[in-house]
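Residue-level structural notes
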Amino acid sequence: MKRLPAWLAAACACLGLCLCPALASRKHLTWLERANADPTAARLTNPYAGQEDAVKAGEKLYQRYCSSCHGTDLAGVDRNPSLRSPTVRSASPGALFWLLRNGSLERGMPAWSYLPPQQRWQLVTWLKTME
Amino acid sequence: MLDTLSAPLIKAVLWIAPFLVTSVYITDITRITMGHMPFRRARLSPPRLGAGKASEPSAGADDPLFMQLTNGFSRLCMLTACLLAWMCLPVLRGAEAPYLVTYGHRLEEPGNLEIATHQVAGSPKGGNSFLNTLMEIEYGVKSWWTTELYLSGQGTRHEGAVFTGYRIENRFRPLLREHWINPVLYIEWVDVNGADKSLREVVGHDTFEDQLEPNSETRHERKREVEGKLILSSNFKGWNVSENFIAEKIVNHAEPWEFGYAIGVSRPLAMKAKPYRCNFCAENFHAGVEVYGGLGTRHEFGLRGTSHYLAPIIAWTLPNNTTLEFSPGFGLNQNSHGVLWRFTVAREFNQFGRWLRGMR
């Protein structure tokens, strides 16, 4: 019996590993449950709370990064959720910051960890004013 | 039907046009620098007047407009005017990690389409200068899966231009949460000819001498490769550090596995966003540096006979989701090119998948 070429075996192994997200997506914890389960998220406080410049910057960042999926009016577009929901309104700033850092990849929201933490807090500051 | 199509068609033209203008602009600058295009159109000297013969008008005055536009100066003026007008539009998207060789763990947002051109220019010792263009079409399939198609071509001075082949790349993110180090698995199929000079990565014993052979010979060679990368990337307080370990195998020849690496560090020039829209804010600029090179083969692993580069990077996000990146890669040893000039123009189309499905 012919042996599988090493490169083909390696490629199959890689493909198998790449299926991990598809399998992992069977877990059904919401992002808020995951954020609340993270002890660091609960300890986070917004350093820009109440700052007008941070609110304006956060609105600019929202229009730049988030509005294409969540709508310019935060009402959500297509299957993407509204940010005016009770879940988002009641979430703590730390939980929202956690969500921006980690995203919700199994539900289609990318992670925004490449944004500096200062910009993520500016986004959180603006979102909390939308309550 | 025309009414239904007109709005998305107009929108598509307005999105694509600035990207094309910028790409042509950068290509023209490179061609002028490398002597492939005259900066000023040379005027033919009028013939000597003989008995009874009138002088002929000098060339250039009555040329058709398209001929005058082969003059590098005219084209650059026109393109500069377009670019300046376009820059006045407000920025809609921030910059991401600016690497041109290294990969980070950020994937394309699901449903987004990105079109980019990656250019690399070099002048190998004892050879002809070249410009390779790699066109990339990237689509976010899932938030953990991005797929890309590359089309490659190159032009070499005194040797003409040639289409060199294509690549199909897929990147997968196996872990669905952010960690201190985030792995991404990369697998690529490459089908190019020997004239390919995209230098997308440096592996094995790749040296500058690989670009000395003439296109007339190398275009008939066929290379089919499988390439894998282990991408490890970290974001910390606005800084990104990414490490790639590369393994490549030519499958249509009896060649051993070849290995390479790429390491990049970058950050935005400002961590906080300004409270107003601006095109030249520091937050729209990213700076970084990357190091990449070969690590030999399965039979001869190591640094002997390999080439390595150190490349500072600057990236700028222009209006309407377009990013410009520039990076000179300085060769670090005698096997390397002196300098590889890389620049990229990328344009992102948000929620392209939804637009295709007719939801817009």
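Residues numbered from 1 in each chain as written. Chains lettered and ligands numbered in written order. Predicted model: local features only at pLDDT ≥ 70, side-chain atom pairs only at ≥ 80, totals over all residues. Heavy atoms only, no water.

A few words on helix 8 (residues 117-129) of chain A. Residue and element names in this part refer to chain A. Look at helix 8: 19 Å from first C-alpha to last across 13 residues, which is about the 18 Å you get at 1.5 Å a residue. Most of helix 8 sits out of view: ten of its 13 residues are buried. Taken together, the buried positions of helix 8 are Pro-117, Gln-119, Arg-120, Trp-121, Gln-122, Leu-123, Val-124, Thr-125, Trp-126 and Leu-127. For helix 8, the secondary structure elements touched by its buried residues are helix 5 (52-70) and helix 7 (93-102). (Helix = DSSP H or I, 4+ residues; strand = E, 2+ residues; numbered from the N terminus. Expected span 1.5 Å × (residues − 1). Buried < 20%, exposed > 50% of the residue type's maximum accessible area, 1.4 Å probe, protein only. Contact = heavy atoms within 4.5 Å.)

Should the pLDDT be low somewhere, the predicted coordinates at that spot are not to be read in detail. Looking at chain A as a whole, the pLDDT averages 82, with 78% of positions reaching at least 70. Mean pLDDT across the elements of chain A bottoms out in helix 2 (residues 20-24) of chain A (53) and peaks in helix 8 of chain A (94). (pLDDT = per-residue confidence, 0-100.)

Let us look at the pattern of salt bridges. Taken as a whole and assessed by the stated rule, the structure comprises 20 salt bridges over all chains. Notably, a salt bridge pairs A:Arg64 with B:Glu283, separated by 3.6 Å at the nearest N-O pair. Here A:Arg64, found in helix 5, pairs with B:Glu283, found in the loop between strand 8 (258-268) and strand 9 (285-297), and the two come from separate chains. You'll find A:Arg64 and B:Glu283 in the same group, each marked buried. Here B:Arg224 ties to B:Asp191 by a salt bridge, and the two come within 3.2 Å at their closest N and O atoms. With B:Arg224 in strand 6 (residues 222-236) and B:Asp191 in strand 5 (residues 182-193), this pair connects stretches of sequence that are 33 residues apart. (Salt bridge = Lys/Arg side-chain N within 4 Å of Asp/Glu carboxyl O.)

Moving on, we get to the side chain of B:Thr102. As for its position among the elements, B:Thr102 is in the loop between helix 3 (72-87) and strand 1 (113-122). Those residues in contact with B:Thr102 that sit more than four places away from it in its chain are B:Ser242, B:Asn244, B:Ala262, B:Ile263, B:Gly264 and B:Glu290.

All names here are of chain A. Between helix 7 and helix 8, the least distance of the axes is 10 Å, while the angle of their chain directions is 130 degrees. Classified by the interaxial angle, the pair formed by helix 7 and helix 8 is oblique. When the axes of helix 7 and helix 8 are compared, the crossing they make is right-handed. Here Pro-93, Gly-94, Leu-96, Phe-97, Leu-100 and Arg-101 of helix 7 come into contact with helix 8, specifically with Pro-117, Arg-120, Trp-121, Leu-123, Val-124 and Lys-128. Looking at the contact of helix 7 with helix 8, its residues break down into eight nonpolar, one polar and three charged. (Axes fitted to C-alpha atoms, helices over the stretch in contact; angles between N-to-C directions. Parallel < 35°, antiparallel > 145°, perpendicular 65-115°, else oblique. Left-handed = near helix turned anticlockwise from the far one by under 90°. Nonpolar A, V, L, I, M, F, W, Y, C, P; charged D, E, K, R; others polar.)

Turning next to the environment of B:Asp210. Residue and element names in this part refer to chain B. With respect to the helices and strands, the residue Asp-210 is situated in the loop between strand 5 and helix 4 (215-218). On the accessibility criterion, Asp-210 (38% relative accessible area) is partly exposed. C-alpha separation for the pair Asp-210 and Pro-124, spaced 86 residues apart in sequence, amounts to 9.4 Å. Side-chain polar atoms of Asp-210 contact the backbone nitrogen of Thr-207, separated by 3.0 Å. (Polar contact = N/O pair within 3.5 Å; in protein donor to acceptor, adjacent residues only side chain to side chain.)

Before going further, it helps to spend a moment on the interface of chain B and chain A. Contact residues are listed per partner, giving 46 residues for chain B and 45 residues for chain A. Both faces combined, the contact of chain B with chain A buries some 3700 Å², and carbon together with sulfur accounts for 61% of it. Contact with chain A buries surface across chain B, with B:Leu176, B:Arg177 and B:Glu178 losing the most and accounting together for 16% of the total. Applying the counting rule to chain B against chain A returns three salt bridges. Its salt-bridge partner being B:Arg177, residue A:Glu106 comes within 3.1 Å of it at the nearest N-O pair. Linking chain B with chain A are twelve residue pairs in polar contact (both at pLDDT 80 or more), by the criterion used here. Where the side of chain B that touches chain A is concerned, the elements lending two or more residues are strand 5 and strand 6 of chain B. In the side of chain B that touches chain A, the residues fall into 22 nonpolar, nine polar and 15 charged. (Buried area = accessible area lost by both parts, 1.4 Å probe.)

What follows is about helix 5 of chain A. All names here are of chain A. In this model, helix 5 (19 residues) spans only 23 Å end to end at C-alpha, well below the 27 Å of a helix rising 1.5 Å per residue. A maximum bend of about 50 degrees is found in helix 5 at Arg-64. Next to the buried residues of helix 5 lie helix 8. Just downstream of helix 5, Gly-71 is the residue with a positive phi angle, here 85 degrees. (Bend = angle between axes of the 7 residues up to and from the residue.)

Residues and elements named next belong to chain A. Packing of helix 5 against helix 8 brings their axes to within 7 Å, and their N-to-C directions diverge by 100 degrees. Relative to helix 8, the element helix 5 is oriented roughly perpendicular. Contact with helix 5, carried on its side by Ala-54, Val-55, Ala-57, Gly-58, Glu-59, Leu-61, Tyr-62, Tyr-65 and Cys-66, involves Gln-119, Gln-122, Leu-123, Thr-125, Trp-126 and Thr-129 of helix 8 and no other residues of that element. Tallied by class, the residues present in the contact of helix 5 with helix 8 amount to nine nonpolar, five polar and one charged.

All names here are of chain B. Taken as a whole and assessed by the stated rule, the structure comprises 14 aromatic pairs over all chains. Arranged with centres 5.1 Å apart and planes meeting at 65 degrees, the rings of Tyr-103 and Tyr-186 form a pair that is edge-to-face. Taken as a pair, Tyr-103 in the loop between helix 3 and strand 1 and Tyr-186 in strand 5 lie far apart in primary sequence, 83 residues in all. You can call Tyr-103 buried: its relative accessible area is 7%. According to the relative accessible area criterion, Tyr-186 is buried, its value standing at 2%. An angle of 15 degrees between the planes, with centres 6.0 Å apart, marks the rings of Phe-245 and Phe-259 as stacked. Taken together, the residues Phe-245 in strand 7 (residues 239-250) and Phe-259 in strand 8 connect sequence positions 14 residues apart. (Phe/Tyr/Trp six-rings, centres within 6.5 Å; stacked < 30°, edge-to-face > 60°.)

Once that is clear, we can look at the state of the cysteines. Working definition: the covalent bond between the sulfur atoms of two cysteines is a disulfide. Under the defined criterion, the tally for this structure stands at one disulfide over all chains. Covalently, B:Cys278 is tied to B:Cys281 through a disulfide, its sulfur atoms 1.4 Å apart. Because the sign of the S-S torsion sets the handedness, a value of about -110 degrees for the bond joining B:Cys278 and B:Cys281 places this disulfide among the left-handed ones. Considering cysteine sulfurs only, A:Cys69 is the nearest to A:Cys66, which forms no disulfide, with 8.5 Å between them. (Disulfide = S-S within 2.5 Å.)

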